[in-house]
Structure formats: C-alpha cells, structure tokens
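Structural characterization, general
Chain by chain, the residues run as shown.
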Amino acid sequence: MAFPQTRMRRMRSSAELRGLVRETELRPEKLVLPLFVSERGPEREAIDSMPGVERLSISAAAREAAEAASLGIGAVLLFGIPAHKDPEGTGAFDDEGVVQLAVRAIAQHAPHLPVITDVCLCEYTDHGHCGVLLEDARGALTVDNDASLELLARTAVSHARAGATVVAPSDMMDGRVGTIRAELDREGLHATPILAYSAKFASAFYGPFRDAASSAPAFGDRRAYQMDPANGEEAVREALLDVQEGADMVMVKPALAYGDLIQAIKRAVRLPVAVYNVSGEYAMVKDAARAGHIDERAVVLEILTSLRRAGADIVISYHAKEAASWLT
Ligand code: PBG
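Since the structure is predicted, the reported quantities are computational estimates derived from the model, not experimental observations.

**Focus on helix 7 (residues 233-244)**
Count 3.6 residues to each turn of an α-helix, and residues three or four apart come out pointing the same way. Over its 12 residues, helix 7 extends 17 Å from the first C-alpha to the last, a length consistent with the 16 Å expected when each residue adds 1.5 Å. Elements that come into contact with the buried residues of helix 7 comprise helix 5 (176-186), strand 9 (195-200), strand 10 (249-253) and helix 8 (259-269). Just downstream of helix 7, Gly246 is the residue with a positive phi angle, here 115 degrees.

Here is the structure:
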C-alpha cells in the first residue's frame, strides 16, 4: 500500500501507542556496572578522566555493589588495582588478591547480586601488557600466548573459588576460553560460566580506563593481540571460536562504533551477547553534558537502548547506576 494509505505516524501519535509498539526494552537488570577495586588508597578516590566513577576500597566496593543491587542492576564487573605489580602479574591469581577479597566482601553485602570478574593480567603486570613477555628471535619483546594461558586459567580458577558468579577473560590470547574451561572443570567449577571478551578491539576509547586502572602498556601497544577496528568478519570468527571453546556468553567491545558487530555476532552465535560501553565513550558523554551541549539523561538512555536494539542482551556501562535510577 502506498501513501496516503500508509501513514507511519499513526502509531506514534500518543505515548501509550508508542509504548504499545516499542520494540526494545531497557531495564536495570540488563545493565552491568563496572567497579574498580583498589588494594591501597582511600575509601573512595575520584578518577579525573571519568567524572562520577571512583576507585573503591574493598569495603566501599561491597557497599557500591549493594547499592547497585538495590537499583535492580543485573551484575557488577570487577577490576582489581593491586598494591604490587610484577612481570608475571602474580597478584591476579593470588587467592588473597584484591578481586578475590572483593568478591567475598560483596557476597556478604549483596548475596544475590551476580559478580563478574575481569580475567586479565594487565592491571597486575609491571609492564602493563595482558600476558607474560617473551623475547622473539629478533630480540623484540612480545606477549607469549601459551605461557599467558596458564596464568589466566589460574586467575579464573582463583576468582571462581572466591565465589565469582561469572569469569570474563579480556586478554585476547588465543585458546584462553578452552584453557579456562578445562581448568575450571578440573577444579570442579563446572557451574561457573565464561563471558568471553571475544571481539575486543585495539581501541583508542580505552584511554580513561587505563588511567583509572593504571594499566597502560609501558611500551608498545596492544595491536598484536587485540583486534584491528577495521575487521568485522574476523570479529564474528573470534566469537564463533570462543563458542566452540566453551564460552557461555560473548562480548563486543567497545560499543558505539561497533553496532554492526553486535548485530552480526548476535545472529551468528545464538548465545547471550554482551556489549561494553567503555570508558572513553562514557567520558565523551560526561564532558559534553558538563559543557551543556547535550541532555545527559536523554543521550545515555538513547545510547543504551540502541545497544539493546543492535542485539546486545547485556549492556556493561559506567552509566548503569544513573540509568537504572532513571528507569525505575
Ligand atoms: C583489560 C581491559 C581493558 C578494559 C577492560 N578490560 C583495557 C585495555 O584493554 O586496555 C577497558 C574498559 C574501558 O575502557 O572501559 N583488562
């Protein structure tokens, strides 16, 4: 039927009709709040590049998690900032490490809140790379894939033993999902799901995070293990490989420039897909809002809804608390 029989405006004429035909729902339970937990330092410490986000002590993180739970947020995602760093990132798999202690503290304060832990070495290594280093034939330092796998698997097991609900490897080493699954199973941790950061790009949008977690690489960059932002087919392949290796959920990261891949991966994997609305994306919105250029609330809800529309089941965002409070 052609115009004027077809009038798309008919179903937009009132808030009630718009509600009736709205395709995408954004609810607090679909949101995940990242938390930075620091082993040292004050209870709460502002992060300059991320207005409204703080580095938290273990007890402050537990209180923050309880607040997230009371807002109906679906889960928290923990990042640890250790007091001590070394070449192998041993703090990552220390059973008394900062994330392990935070997981236990959160279990006390918010017993039903799912706790996802980021599994990576970059916050724990003194060189800031996501695995252990190896000198290649020409004398250049590279990240040793297979040696890193063992440490990543130890980290995941340690997190799961501490009570993490879900482990989320973000290192981009090949084979880490399979290795982690095998180690978890060997330890009897069959029930712990893996959320794989499958399509994680070597992005300039991580700048504020690296400042927050002091995890910027001391030399070079992450392009030899994180993905090239130009590659979409490869992102789908990464996700499919992680599914084969036993991932229970997969992730696309960053979010805003990668909507096509959220959709493509959602169609390909037939598993829950998470998207990570990263630190640089958050900082841009906060700065534009502070400058009075945009309506923060409207922009945030538009962004988060668009990620759900693109196909994300789960949206990880530093806006989660504010968004949840606006949605309830
Ligand atoms: C690495 C990790 C990073 C982020 C999450 N996990 C940083 C990186 O790869 O350099 C970025 C998150 C953000 O920017 O909000 N463990």
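**What to know about the site of the ligand**
Neighbouring residues of the ligand: 17 residues in total, closest Arg210, Gln226, Lys253, Ser279 and Tyr318. In this structure, a nitrogen atom belonging to the ligand sits 3.3 Å away from a side-chain N or O atom of Asp118. Separating an oxygen atom of the ligand from a side-chain N or O atom of Gln226 is a distance of 2.8 Å. Taken by itself the ligand offers 390 Å² of open surface, and the protein chains cover 100% of this. Partitioned by chemical class, the residues of the shell around the ligand number eight nonpolar, three polar and six charged.

**Here's the deal with the packing of aromatic side chains**
Counted under the stated rule, the structure contains nine aromatic pairs. Each ring, one from Tyr197 and one from Tyr276, has its centre 6.3 Å from the other, and the planes form 40 degrees; the classification is tilted. Taken as a pair, Tyr197 in strand 9 and Tyr276 in strand 11 (residues 273-277) lie far apart in primary sequence, 79 residues in all. Judged by relative accessible area, Tyr197 falls into the buried class, the value being 0%. For Tyr276, a relative accessible area of 1% gives the class buried. A network of ring pairs unites the aromatic residues Phe36, Phe79, Tyr197, Phe209, Tyr276, Tyr282 and Tyr318 as a single cluster. Lying across the ring of Tyr197, Lys200 places its NZ or CZ 5.4 Å from the centre. Between the NZ or CZ atom of Lys253 and the centre of the ring of Phe209, over which it lies, the distance is 6.0 Å.

Calculation notes
- Residues numbered from 1 in each chain as written.
- Predicted model: local features only at pLDDT ≥ 70, side-chain atom pairs only at ≥ 80, totals over all residues.
- Heavy atoms only, no water.
- Helix = DSSP H or I, 4+ residues; strand = E, 2+ residues; numbered from the N terminus.
- Expected span 1.5 Å × (residues − 1).
- Contact = heavy atoms within 4.5 Å.
- Near = heavy atom within 4 Å.
- Polar contact = N/O pair within 3.5 Å; in protein donor to acceptor, adjacent residues only side chain to side chain.
- Areas by Shrake-Rupley, 256 points an atom, 1.4 Å probe, with all protein chains shown as cover.
- Nonpolar A, V, L, I, M, F, W, Y, C, P; charged D, E, K, R; others polar.
- Phe/Tyr/Trp six-rings, centres within 6.5 Å; stacked < 30°, edge-to-face > 60°.
- Buried < 20%, exposed > 50% of the residue type's maximum accessible area, 1.4 Å probe, protein only.
- Lys NZ or Arg CZ within 6 Å of the ring centre and 35° of its normal.

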